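Overview (structure and organization)
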Amino acid sequence: MSLLARLAPHLPYVRRYARALTGDQSTGDHYVRVALEALAAGERTLADNLTPRVALYHVFHAIWCTSGAQLEGPADDDYSDDATRRLMRIAPRSRQAFLLTALEGFTPTEAAQILGSDFSEVEKLIAEAQSEIDAELATDVLIIEDEPVIAADIEALVTELGHAVVDIAATRTEAVDAVARKTPGLVLADIQLADGSSGIDAVKDILQRYDVPVIFITAFPERLLTGERPEPTFLITKPFQPETVKAAIGQALFFHPRKSAKQAA
């Protein structure tokens with residue numbers, strides 16, 4: 001089997017991870033591209049004792065650690081935006097361990113293999129990152145989801161994290177109307193909605209008027225991970241794990257800092 005055939009199923013997800021790690025789609029894609037070029041040129045190889053997916057992330061991290069130094073320094077108040085300052089406050093290793101396990105679904109053992117670390121250190125790093133993320137300000141959340149049971153599950157997770165659900169919309173029209181009534185600080189959106197309308201279109205409508213972070217929770221991730229247009233940094237596949245949603249919420253607010261809807265109201 002060719003190298004491309006072995007890695008193809010995993011590329012959309014390592015790109016998602018790279019975007020979450022860097023906070024930017026183009027930057028994340030750059031590091032993924034460099035890793036793939038190194039593999040193609042024989043400068044890096046996939047470890048035989050690891051699964052292809054773990055091995056790919058391991059190579060990505062080897063590239064990241066040697067060339068991503070601009071994100072490794074201490075926080076500096078002179079940075080041009082709040083997102084960068086917040087990013088720098090979490091130690092890089094803690095951020096990596098947290099994303100690998102909570103967002104990408106690796107076990108702590110697999111994360112340790114990717115990071116070249118051990119199980120106990122990874123668990124410590126995850127706890128440190130979670131503590132910092134939980135310290136972020138609470139915000140108001142709009143849920144766009146047409147299945148009542150799933151909507152209720154998401155609402156419970158959001159509330160558990162200290163946020164307030166301002167509305168649950170089942171259609172594109174309901175979502176736009178909800179935002180007109182109260183601007184949320186975060187949107188959690190499904191793609192396929194009750195009346196056949198699209199959560200993608202609903203989000204586009206919202207983003208035309210408001211600068212708000214968005215997390216897509218969908219059974220159809222391939223509709224967004226195409227590489228042909230700007231893609232969401234945060235994308236969760238159904239059926240989802242509660243910890244994955246919690247991680248994505250924390251990271252979305254972390255990378256897209258703004259006043260909470262409660263403060264802005």
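Only a predicted model underlies this, so the values are computations on that prediction, with no experimental measurement involved. (Residues numbered from 1 in each chain as written. Predicted model: local features only at pLDDT ≥ 70, side-chain atom pairs only at ≥ 80, totals over all residues. Heavy atoms only, no water.)

Attention shifts here to the pattern of salt bridges. Considering all chains together, one arrives at twelve salt bridges under this definition. One salt bridge in this structure joins Asp 140 and Lys 182, with 3.8 Å as the shortest N-O distance. With Asp 140 in strand β1 (residues 140-144) and Lys 182 in the loop between α10 (172-181) and β3 (186-189), this pair connects stretches of sequence that are 42 residues apart. Ionic pairing is found between Lys 238 and Asp 190, a salt bridge with its closest N-O pair at 3.1 Å. Linking Lys 238 in the loop between β5 (234-237) and α12 (242-255) with Asp 190 in the loop between β3 and α11 (199-207), this pair joins segments that are 48 residues apart in sequence. Assigned by exposure class, Lys 238 and Asp 190 land together as buried. (Salt bridge = Lys/Arg side-chain N within 4 Å of Asp/Glu carboxyl O. Helix = DSSP H or I, 4+ residues; strand = E, 2+ residues; numbered from the N terminus. Buried < 20%, exposed > 50% of the residue type's maximum accessible area, 1.4 Å probe, protein only.)

All right, on to the confidence of the model for the protein then. Averaged over every residue, the pLDDT of the protein is 84; the share at 70 or more is 83%. Averaged pLDDT values for the elements of the protein fall to 41 in helix α13 (residues 261-264) and rise to 97 in β1. The model gives residues 69-75 a pLDDT under 50, and that stretch makes 18 contacts with residues more than four places away or in other chains. Contacts of residues 259-265 to residues separated by more than four positions or lying in other chains number twelve contacts, the stretch itself having pLDDT below 50. (pLDDT = per-residue confidence, 0-100. Contact = heavy atoms within 4.5 Å.)

Attention now moves to the sheet that holds strand β4 (residues 214-218). Working definition: the strands of a sheet are paired by backbone hydrogen bonds and lie parallel or antiparallel to each other. Here we have five strands laid out as an open sheet, ordered β2-β1-β3-β4-β5, and parallel in their pairing. Lying at the two open borders of the sheet, with one neighbouring strand each, are β2 (164-169) and β5. Neighbour-to-neighbour, the strand axes of this sheet turn through a mean angle of 20°, independent of strand direction. Direction of pairing for β3 relative to β4: parallel, over a ladder of three bridges. The residue of β4 that forms the bridge with Val 187 is Val 214. Those strands touched by α10 are β1 and β2, and its axis lies near 145° from that of β2. (Pairing = 2+ DSSP bridges. Axes fitted to C-alpha atoms, helices over the stretch in contact; angles between N-to-C directions.)

Here Thr 244 is to be found in helix α12. Assessed through its relative accessible area of 14%, Thr 244 is described here as buried. Beyond its immediate chain neighbours, meaning those up to four positions away, Thr 244 contacts Ala 102, Leu 103 and Ile 236.

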